[in-house]
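Fold and geometry: a report
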Amino acid sequence: NGDSTPDIAVVTRSDGQNLASIKDAASGALVSQFESSADLPPVDVEVTEAFGFGFGYGYGLAPNLVLLGKNGEAETRDALSGALLGGVAFNPRFTPLDLTVLPDQDGNGIPELGMLGEGSTKVEILDAVTGDLVNNLWFDPLFEPLQVIALPDLNGNGSAEVGVALTRSDKIDGVVIKDAR
């Protein structure tokens with residue numbers, strides 16, 4: 001909201017609609033509120049940097065919210081106006097478990113979205129606006145996936161990293177990190 005205090009996004013579901021409420025973290029005042037067009041409950045909500053004016057969206061001052069639905073569809077909305085900036089659909093064969101936002105990997109200036117698929121131990125990476133496939137990352141199927149996280153380039157090769165927290169029934173847990181590209 002421009003007052004230099006953080007804001008908090010809360011997504012609730014009522015009467016089949018997802019309602020996103022953005023509130024000032026210090027005062028609790030409502031900054032913005034909008035309905036998501038997604039017809040399924042969200043699995044995850046993430047924040048991206050503003051896309052800027054260079055892409056014809058006319059926004060760029062506020063961060064964006066990405067809502068991932070149980071159907072594997074994600075929509076990106078301007079956090080202040082609620083304007084729909086983009087919508088992408090992940091592979092429907094994989095049930096969404098978690099979502100992360102990665103810095104641009106394909107050179108168009110738009111962040112990428114990485115969806116961790118339940119039971120597949122796969123992270124599918126798509127461009128947040130075009131939905132173009134950037135990469136598929138596969139992890140050991142003997143482990144159950146828990147969470148996906150984006151990391152900066154750790155090995156100096158110019159690619160962000162993707163980490164997946166994994167567990168196994170014998171209580172062996174770990175995080176496996178791979179290049180996003």
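Here, the structure is the one placed above.
What comes next is a walk through the structure. All values reported here derive from a predicted model rather than from experimental measurement.

Check the secondary structure of the chain and you find zero helices and 14 strands. Looking at the chain as a whole, 41% of its 181 residues qualify as buried. Here the contacts in the chain between residues at least 6 apart in sequence split such that 36% fall between residues at least 24 apart. Put simply, the chain shows about 9,000 Å² of open surface, and 52% of that area lies on carbon and sulfur atoms.

On to the sheet that holds strand 13 (residues 161-167). Strand order in the open sheet made by the three strands is 12-13-14, with antiparallel pairing throughout. Whereas interior strands pair on both sides, the edge strands pair on one side only; in this sheet they are strand 12 (144-151) and strand 14 (173-179). Across this sheet, the average inter-strand angle for adjacent strands is 25 degrees, counted without regard to direction. Looking at chain direction, strand 13 and strand 14 are connected through seven bridges and run antiparallel. Bridge assignment links alanine 165 to a residue of strand 14, and that residue is valine 175.

Considering all chains together, one arrives at two salt bridges under this definition. Between arginine 77 and glutamate 75 there is a salt bridge; the shortest N-O distance is 2.8 Å. As far as burial versus exposure is concerned, arginine 77 and glutamate 75 are alike and both buried. One salt bridge in this structure joins aspartate 170 and arginine 168, with 2.8 Å as the shortest N-O distance. Classification of arginine 168 by relative accessible area gives partly exposed; the value is 26%.

Spatial ordering of the open sheet is given by 4-5-6-7, a layout of four strands whose pairing is antiparallel. The open sheet terminates on both sides in strands that have one partner only, identified here as strand 4 (42-48) and strand 7 (84-89). Mean inter-strand twist for the sheet, computed between neighbouring axes without regard to direction, equals 15 degrees.

Turning our eyes to something else, we now look at the side chain of glutamate 124. Take glutamate 124: it is sitting in strand 10 (residues 122-127). Among buried charged residues, glutamate 124 stands out as having no salt bridge; its nearest opposite-charge side chain is lysine 122, 4.0 Å away. A distance of 2.9 Å separates a polar side-chain atom of glutamate 124 from the backbone nitrogen of asparagine 91. Look past the residues within four positions of glutamate 124 in its chain and what remains in contact with it is Phe90, Asn91, Leu113, Gly114, Met115, Leu133, Asn135 and Asn136.

With that settled, the discussion passes to the environment of glutamate 161. Within the fold, glutamate 161 resides in strand 13. Owing to a relative accessible area of 3%, glutamate 161 belongs among the buried residues under this scheme. Sequence-distant contacts of glutamate 161, defined by excluding residues within four places in its chain, comprise Leu102, Ile149, Ala150, Leu151, Pro152, Asp153, Leu154, Asn155, Ile177, Lys178, Asp179 and Ala180. A distance of 3.5 Å separates the side chain of glutamate 161 from the backbone nitrogen of aspartate 179, its partner in a polar contact.

What follows is about the packing of aromatic side chains. Following the criterion strictly, the structure yields one aromatic pair and no others. In this structure, lysine 178 packs its charged tip against the face of phenylalanine 139, placed 4.7 Å from the ring centre.

Together, Ile149, Leu154, Val175 and Ile177 give the surface a local cluster of nonpolar side chains, amounting to about 350 Å² of exposed area. Mapped onto the elements, valine 175 comes out in strand 14.

The rules behind each value
Numbering of residues begins from 1 in every chain and follows the order in which that chain's sequence is written. In keeping with the predicted nature of the model, local features appear solely for residues at pLDDT of at least 70, side-chain atom pairs appear and are counted solely at 80 or more, and the whole-chain, interface and lining totals rest on all residues. Computation of side-chain values covers all heavy atoms of the structure but excludes hydrogens and water. A run of DSSP states H or I qualifies as a helix once it reaches four residues; a run of E qualifies as a strand once it reaches two. Both are numbered from the N-terminal end. In this scheme, a residue with accessible area under 20% of its type's maximum is buried, one over 50% is exposed, and one in between is partly exposed, where area comes from a 1.4 Å probe on protein chains only. What makes two residues a contact is simply this: any of their non-hydrogen atoms within 4.5 Å. In these tables, accessible area is a Shrake-Rupley quantity obtained with a 1.4 Å probe, and a residue counts as shielded only by the protein chains included in the view. Only when DSSP finds a minimum of two bridges between them are two strands counted as paired. Axes here mean lines fitted to C-alpha atoms, for a helix over just the part in contact, with angles spanning 0 to 180 degrees between N-to-C directions. By salt bridge we mean one thing: a side-chain nitrogen of Lys or Arg within 4 Å of a carboxyl oxygen of Asp or Glu. We treat Lys and Arg as the positive residues and Asp and Glu as the negative residues; His and chain ends play no part in the count. Here a polar contact means two N or O atoms within 3.5 Å. Within protein one must be a hydrogen donor candidate and the other an acceptor candidate, and residues neighboring in sequence count only if both atoms are side-chain atoms. When two rings of Phe, Tyr or Trp (its six-membered ring) have centres within 6.5 Å they constitute a pair, described as stacked for plane angles under 30 degrees, edge-to-face for angles over 60, and tilted for the intermediate range. We call a charge positioned over a ring when the NZ of a Lys or the CZ of an Arg lies within 6 Å of the ring centre and within 35 degrees of the ring normal. For patch detection, residues must exceed 30% relative accessible area and be free of salt bridges, and they are connected within 9 Å for like charges or within 5 Å for nonpolar side chains (Val, Leu, Ile, Met, Phe, Trp, Tyr).

What is shown is where atoms sit, not what they do.
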